[in-house]
Every structure is written in structure tokens, then in C-alpha cells.
Number of protein chains: 2
Amino acid sequence: MPRLVAERADALPALGELFREFGFEGTSLSMITVATGLGKGSLYHFFPGGKEEMAAAVLAEIDAWFATHVFEPLRRDPDAAAGIGRMFQAVDAYFRGGGRVCLVGVFSLGDTRERFATTLRTYFAVWGAALTDALSRAGWNPTAAADFAEEILAGIQGALVLSRALDEPAVFSRMLARLRQRAIG
Amino acid sequence: MPRLVAERADALPALGELFREFGFEGTSLSMITVATGLGKGSLYHFFPGGKEEMAAAVLAEIDAWFATHVFEPLRRDPDAAAGIGRMFQAVDAYFRGGGRVCLVGVFSLGDTRERFATTLRTYFAVWGAALTDALSRAGWNPTAAADFAEEILAGIQGALVLSRALDEPAVFSRMLARLRQRAIG
DNA sequence: AGGTTTGTGTACCGGATGGTATACTCTTAC
DNA sequence: GTAAGAGTATACCATCCGGTACACAAACCT
């Protein structure tokens, strides 16, 4: 019998989609065993802390992905406008043009928020700081940059909610295009 | 022994806060009995359809509230800018300056979405149409008005997510102020 | 080859879940 | 004053919950 999942990390994508779709409370261990192909024995071997450790691992993976694909370009690209452009491109790819929801947003709205409070707060705080920095380097004055960074992050999250409610992913694409236009023309 | 809840409608506020905070799946009947002071017997007397009917009733109440306090002023106020101003005021009050979350948004993100799909879609579609109309009457050209209406709705929803994640309601207030400024100066 | 780590299947735990059944007590109307 | 219906309390249902225990198998190292 072949192993479907060889390492703990191989289970994370399936776990992520589950938590995105059903939330933390809504995702049951039996759903997880089906989606990952791992029995409870294996799951608790990889994640001794149970469901909470699984969710924390998914959040950490998301954090790492955004750090390398979004935050770093924003901070490191000598051409600030280019870094911002890469951010919009990465965000569009990550959320699949509005067809995928933000796990950090989902967790932030529910009571799960308290459980992962610092992770959730840090995610948006770091993103906001990096974006503010890039906007400043792109020519915005500091206070306007901070305001606009906030507006961009909220716009992205809100567009995901709206796309989902209206079942119309184009809402997300349009929002991304508008924000990019305002940011770097 | 006095009746804490004399009518079905008296249970809706408590139900709303519960669903907002814990989502549909996360809200259990025992939490509901505690929060409303009603035993299961009474609950199923008022809501024969169980938890799903309770959530539907809450959504209907929200819909009605927004219809009278938000959608109607947008459409009916002869002074379009004043109608838009009243919308921002009503929204700020309803979401308590960012301290309260949008149940429609919460339901839209999870798997609950499918259960109440048409209600959720209609809520945003009607709001968007009313706001587009008001913006047009306030001087925006039709396509720009539709775009900006979308941006306003997403901004509101996103700001609620961000306020919650950062535990900083001021994010919501700032967003509302910025949007109002852009809309009616 | 032997033994140890790493991973897996399965039975099981106490408790909570949404929902039902039923017997009861009020209030109201005649 | 009594009958009907509205509203309530309680016990109970099957099912599922997250988590644990433990025996077992494959992979690895020496």
C-alpha cells in the first residue's frame, strides 16, 4: 500500500483548503482523514497538538509564502513600483482571481481569532508596513502611504468577501486592477 | 416566572450576535438556549426548522434593517449626497465603529454560503445597485459610479476584517471617513 | 541480521451535537 | 369553569466530536 503522504508538509495544502472552506470549527477530523488520506494515527503522529497544531502549521506556511512572494519584493526591490506590481501579481495568483478565500481573513472573523490572535495580527501588520514602505519609496508622502496601504489590504479582503457572496470572481479582478492603477499607474 | 422572550422576534438579537461571533456551525443549540433564555422546546416552537430557520430569520431581519436605514435613503432622498451621507452614518452605527462584524460577510466566506446563497447575493446586489444609483445622481458618470460602489462595499467589508484581525477598530473608522470623503467630499 | 525509529490502522473514550417526543403549565376565549 | 391552544421543561435519541491507546508494519542504521 503506497503512502499518499510522505511528510507532514504534504498534508498542509489539503488542510489549508479544508480550513478555508469550512473554518476551524467546521473542519472535522473525519473530513481531514478523507482529504489527506491519513488516518488519525498518522495525523496525531505529525501533529501531536491535534487540530490546533494543524491550523497553526497551515498559517505558518501561508506566512512563509507571503514573506517570500509578497513582503520581500515590497521591501527589497530597488524599483519600488516594480515590487508593488509583483505584489498584485502574487496576490492575484494566490487567491486564484477571486476563486479562493483568505484563511487569515476567515479566522479573523470568527471566534478562532482569539486562538491565533498574534499570528493574524502580525500577518496584516507586517504586510501593511512593507507596503507602506514601498509606497513611500515610490513617491507617496508617508502619511498618505500608510492610509493607502490600509485601503489596499482592506480592498483585497473585502473584494474576496464580495466575490464570494456574489459568486462573481470578476469583482476581485476589477478591485485589484483599480488598486494597482491608483498605486503605480 | 416571567417570560424572558415573549415573541419569536425577541430572540433574534441574541441569535444574531451568536452567529456573528461563532458562525453557523460554531453556534450550538446549548449556546442558544443560554443566550436567549429559551429551552429547546420554545426554540423549536418558534423555529420549527431548527438552527437553519433561526439563521434565516436573523438574515431577514438584517435585510429589513438595511432596506429601511440604508437602501431606501440611497434611492429616495432627493439630495443624493445626503442619502449617501446617511448610509455612512447608518453603517458606522450598525457595525459599532468596527467593533461588530458583518454576519452576511461571515456567512459568505464559509460553507454556509451555499445554504443561504440567494439571500447573501441579493443583500450585496441590492446595496450595490442603490449606491450606484445615488452616486450617479450625485454627479458620477454611470460606469465610474458602479466601480466606486463596488469599491465602497468591499472597503467596508475589508475594513471589518482588518479591524478585527488587528484588534483596532479605528481602521474601520478611518476607512469610512476616506470613502465618504471621496464620495461626497 | 537486529534493533530502533518512524509511521499506520483500529478500537475506543467521554462528552457534545442537532433534533424529537411527550407531558406539562400557563393564557385566553367562550 | 372549562376547553383549546400557546408556550415550556425535560428526558431522550442516534450520531458525531476531538482525542487517546496500543499493537503493528515498514524503513532505516549499524
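Residues numbered from 1 in each chain as written. Chains lettered and ligands numbered in written order. Predicted model: local features only at pLDDT ≥ 70, side-chain atom pairs only at ≥ 80, totals over all residues. Heavy atoms only, no water.

Chemist: Can you tell me about the overall build of chain A, naming the residues and giving the values?
Modeler: Along chain A, the regular secondary structure elements total ten helices and zero strands. In chain A, the order of α-helices and β-strands from amino to carboxyl end is α-α-α-α-α-α-α-α-α-α. Structurally, chain A occupies a C-alpha span of about 55 × 35 × 35 Å along its principal axes. Counting the 185 residues in chain A, one finds 52% classified as buried. Long-range pairs, those at least 24 residues apart, make up 65% of the contacts in chain A between residues at least 6 apart in sequence. In the form shown here, chain A has an accessible surface area of approximately 7,800 Å², with 55% of it arising from carbon and sulfur atoms. For chain A, the distance from the average position of its 19 positive side-chain charges to the average position of its 21 negative side-chain charges is 1 Å. (Helix = DSSP H or I, 4+ residues; strand = E, 2+ residues; numbered from the N terminus. Buried < 20%, exposed > 50% of the residue type's maximum accessible area, 1.4 Å probe, protein only. Contact = heavy atoms within 4.5 Å. Areas by Shrake-Rupley, 256 points an atom, 1.4 Å probe, with all protein chains shown as cover. Lys, Arg positive; Asp, Glu negative; His and termini not counted. Charge placed at Lys NZ, Arg CZ, Asp CG, Glu CD.)

Chemist: Account for the interface of chain B and chain A, naming residues and giving values.
Modeler: Of the residues lining the interface, 36 residues belong to chain B; the matching set on chain A comes to 36 residues. Taken together, chain B and chain A are joined by 14 salt bridges. Between Arg178 of chain A and Glu150 of chain B there is a salt bridge, with the nearest N and O atoms lying 3.5 Å from each other. Inspection of the region where chain B meets chain A yields 14 residue pairs in polar contact (both at pLDDT 80 or more). No other element matches helix α9 (residues 142-166) of chain B, which puts 14 residues into the side of chain B that touches chain A. (Salt bridge = Lys/Arg side-chain N within 4 Å of Asp/Glu carboxyl O. Polar contact = N/O pair within 3.5 Å; in protein donor to acceptor, adjacent residues only side chain to side chain.)

Chemist: Describe unusual backbone geometry, listing the residues and the values that go with them.
Modeler: Residues and elements named next belong to chain A. If you check the backbone angles, Arg96 has positive phi at about 50° while not being a glycine. Along the chain, the position of Arg96 falls in the loop between α5 (80-94) and α6 (103-109). We classify Arg96 as exposed; its relative accessible area is 54%.

Chemist: Go over the relation of the copies chain B and chain A with me, naming the residues and quoting the values.
Modeler: Relative to chain A, chain B is turned by 180° and slid 0.0 Å along the rotation axis, the superposed coordinates differing by an RMSD of 0.0 Å. A rotation of that kind, with that shift, is consistent with a two-fold axis. Among all C-alpha atoms of chain B, that of Gly158 of chain B lies closest to the rotation axis, at 1.8 Å. Interface residue correspondence from chain B to chain A reaches 100%, placing this contact among same-surface, isologous pairings. (Least-squares fit on C-alpha atoms with pLDDT ≥ 70 in both.)

Chemist: Residue-level account of the environment of Arg8 of chain B, with values.
Modeler: All names here are of chain B. When you line up the elements, Arg8 lands in the segment before α1 (12-26). In the structure, Arg8 is positioned twelve residues away from Arg20 in sequence and 19 Å away in space, judged by C-alpha atoms. Not counting the four nearest positions on each side in its chain, Arg8 is found in contact with Phe46, Phe47, Glu53 and Ala57.

Chemist: Mind laying out helix α10 (residues 170-184) of chain B, listing which residues take part and the relevant values?
Modeler: With 15 residues, α10 of chain B should cover 21 Å at 1.5 Å per step; its first-to-last C-alpha distance of 21 Å lies within 8% of that length. Of the positions making up α10 of chain B, those classed as buried are Val171, Phe172, Met175, Leu176, Arg178, Leu179 and Ala183 of chain B. Each buried residue of α10 of chain B sits inside an arc of 165° when the element is viewed along its axis, so together they form one side. Its buried side turned inward, α10 of chain B meets α9 (142-166) of chain A together with α5 (80-94), α8 (117-137) and α9 of chain B. Taken from the residues just after α10 of chain B, Gly185 of chain B is the one with a positive phi, measuring 75°. (Expected span 1.5 Å × (residues − 1). Arc of directions from axis to C-beta.)

Chemist: Describe the environment of Glu17 of chain A, naming the residues involved and giving the relevant values.
Modeler: Residue and element names in this part refer to chain A. For Glu17, the location among the structural elements is in helix α1 (residues 12-26). The class of Glu17 is partly exposed, set by a relative accessible area of 30%. Considered as a pair, Glu17 and Lys51 are 34 residues apart in the sequence and their alpha carbons are 14 Å apart. In this structure Glu17 touches Arg96 and Arg100, once residues within four positions along its chain are discounted. A distance of 2.8 Å separates a polar atom in the side chain of Glu17 from a polar atom in the side chain of Arg100.

Chemist: Can you break down the packing of aromatic side chains residue by residue, with the values?
Modeler: With the rule as written, the count across this model stands at 38 aromatic pairs over all chains. Ring geometry for Phe66 of chain B versus Phe95 of chain B: centroids 6.3 Å apart, planes at 45°, classification tilted. Of the two residues, Phe66 of chain B sits in helix α4 (residues 50-76) while Phe95 of chain B sits in the loop between α5 and α6 (103-109), which places them 29 residues apart along the sequence. This pair shows no difference in class: Phe66 of chain B is buried, exactly as Phe95 of chain B is. Grouping aromatic residues by their ring pairs yields a cluster made of Trp65, Phe66, Phe71, Tyr94, Phe95, Tyr123, Phe124, Trp127 and Phe172 of chain A. (Phe/Tyr/Trp six-rings, centres within 6.5 Å; stacked < 30°, edge-to-face > 60°.)

Chemist: I'd like a description of the side chain of Glu150 of chain A, backed by residues and values.
Modeler: Of note, Glu150 of chain A is situated in helix α9. Judged by relative accessible area, Glu150 of chain A falls into the buried class, the value being 14%. The contacts of Glu150 of chain A, once residues within four sequence positions are left out, are Leu162, Val171, Arg174, Met175 and Arg178 of chain B.

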